[in-house]
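In case you want the letters, here they are:
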Amino acid sequence: MALLEVENLSIAFGGVKAVQNVSFAVDPGIVYSVIGPNGAGKTTLFNLITGVYTPSEGEIRLDGQSIAGTAPHELALRGMARTFQNLQICMNMSALENVMVGAHLQLDRNLIKAMLRFPALARRDDQLRDEARGLMRFVGLDAYCNLGANSMPYGALKRLEIARALAAKPRILFLDEPAAGLNSKETAEIDELVQKVAESGITVVLVEHDMKMVMNISDRILVLDYGKKLTEGTAQEVRENPDVIAAYLGSTV
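Calculation criteria
- Residues numbered from 1 in each chain as written.
- Predicted model: local features only at pLDDT ≥ 70, side-chain atom pairs only at ≥ 80, totals over all residues.
- Heavy atoms only, no water.
- Helix = DSSP H or I, 4+ residues; strand = E, 2+ residues; numbered from the N terminus.
- Expected span 1.5 Å × (residues − 1).
- Buried < 20%, exposed > 50% of the residue type's maximum accessible area, 1.4 Å probe, protein only.
- Polar contact = N/O pair within 3.5 Å; in protein donor to acceptor, adjacent residues only side chain to side chain.
- Pairing = 2+ DSSP bridges.
- Salt bridge = Lys/Arg side-chain N within 4 Å of Asp/Glu carboxyl O.
- Contact = heavy atoms within 4.5 Å.
- Axes fitted to C-alpha atoms, helices over the stretch in contact; angles between N-to-C directions.

1. Things to note about helix H7 (residues 184-199)
Move 1: In a regular helix each residue adds 1.5 Å, so 16 residues correspond to 22 Å; H7 covers 23 Å between its end C-alpha atoms and thus fits that length.
Move 2: Here H7 has its buried residues at Thr-187, Ile-190, Asp-191, Leu-193, Val-194, Val-197 and Ala-198.
Move 3: Two to three positions downstream of the cap, the backbone nitrogen of Lys-185 sits 3.1 Å from a side-chain oxygen, assigning the N-cap of H7 to Asn-183.
Move 4: Phi turns positive one or two residues past the end of H7, at Gly-201, with a value near 105°.

Structure (structure tokens):
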């Protein structure tokens, strides 16, 4: 059974159809990439699935249960996390504190109970700190644990944002252009990290413009063009599809 199912998903903004009748399914434990020319509707599709937008038509199911229109914080509780094109890092906090923020869903929600149990609260804080350190090591940033986020290079901040998303213990992770703005070395590090995340059992859904990276790490690829599904398949199938070539080159093949 697919972990994520999308059926006939659509949304329009002021008469412009940003996403039109898009359908696909994502199996557990794979890297599923969404590609397409600029303006194809990739980020809009992400925003629909992750609760930022409510679809005008269509259905989204997680584990067979409808989630269309569900708020992002509720989706996070059900095992969905994401990163954004633009960094969402708290620059006035340390790198480690940023990762700990991502674990807020794991905290005791009963504040009065927590206040009356200071030793338990302290132990939980220590546990979250240890888990955050482990995630920093996982993404290759253990050397930055005690540094302020504002002193980290851009490529490291990209990996820090992934660590913070992982702190929420997701089953499915949405990455919106994780390699944008990175040099070849930093892109290779993101490439390795995405594969590492998938190997850990977390399903990854990826929007990315770096085609070399996409073709290297993807189990399945969805191609969008003008908000519509152009094709779907393996890296080889997509690479050889004449409609995909035409969409990217802007000519008829």
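2. Topic: the sheet that holds strand S4 (residues 57-62)
Whenever strands of a sheet pair, they do so through backbone hydrogen bonds, lying parallel or antiparallel.
Move 1: The 4 strands lie next to each other as S2-S1-S4-S5, forming an open sheet whose pairing is antiparallel. The open sheet has two edge strands, strand S2 (16-26) and strand S5 (65-66), and neither has a second partner.
Move 2: Bridging between strand S1 (residues 4-13) and S2 involves 7 bridges; their strand directions are antiparallel. Along S2, the bridge assignment pairs Val-6 with Phe-24.

3. Observations regarding the pattern of salt bridges
Move 1: Scanning the entire structure with this criterion turns up 9 salt bridges.
Move 2: For the salt bridge of Glu-5 with Arg-61, the shortest nitrogen-to-oxygen distance reads 3.4 Å. One end of the pair, Glu-5, is in strand S1; the other, Arg-61, is in strand S4, with 56 residues separating them in the sequence.
Move 3: Note that Glu-232 is salt-bridged to Lys-229, the shortest N-O span being 2.9 Å.
Move 4: For Glu-232, a relative accessible area of 22% corresponds to the partly exposed category.
Move 5: Accessibility expressed as a relative area gives 36% for Lys-229, which makes it partly exposed.

4. As for the environment of Asp-176
Move 1: Here Asp-176 shows up in strand S7 (residues 172-176).
Move 2: For the pair Asp-176 and Phe-84, spaced 92 residues apart in the sequence, the C-alpha separation amounts to 5.1 Å.
Move 3: In this view, Asp-176 contacts Thr-43, Phe-46, Arg-82, Thr-83, Phe-84, Gln-85 and Val-207; residues no more than four positions away in its chain are not counted.
Move 4: A polar contact of 3.4 Å, which involves the side chain of Asp-176, links it to the side chain of Arg-82.

5. Some thoughts on the sheet that holds S7
Move 1: Ordered in space as S6-S7-S8-S3-S9-S10, the 6 strands form an open sheet in which the pairing is mixed. The strands lining the two open edges of the sheet, one partner per strand, are strand S6 (80-82) and strand S10 (228-233). Sheet twist, expressed as the mean angle between neighbouring strand axes with direction ignored, is 15°.
Move 2: Pairing between S7 and strand S8 (residues 203-207): 5 bridges, direction parallel. The residue bridging Leu-173 from the neighbouring strand is Val-204, located in S8.

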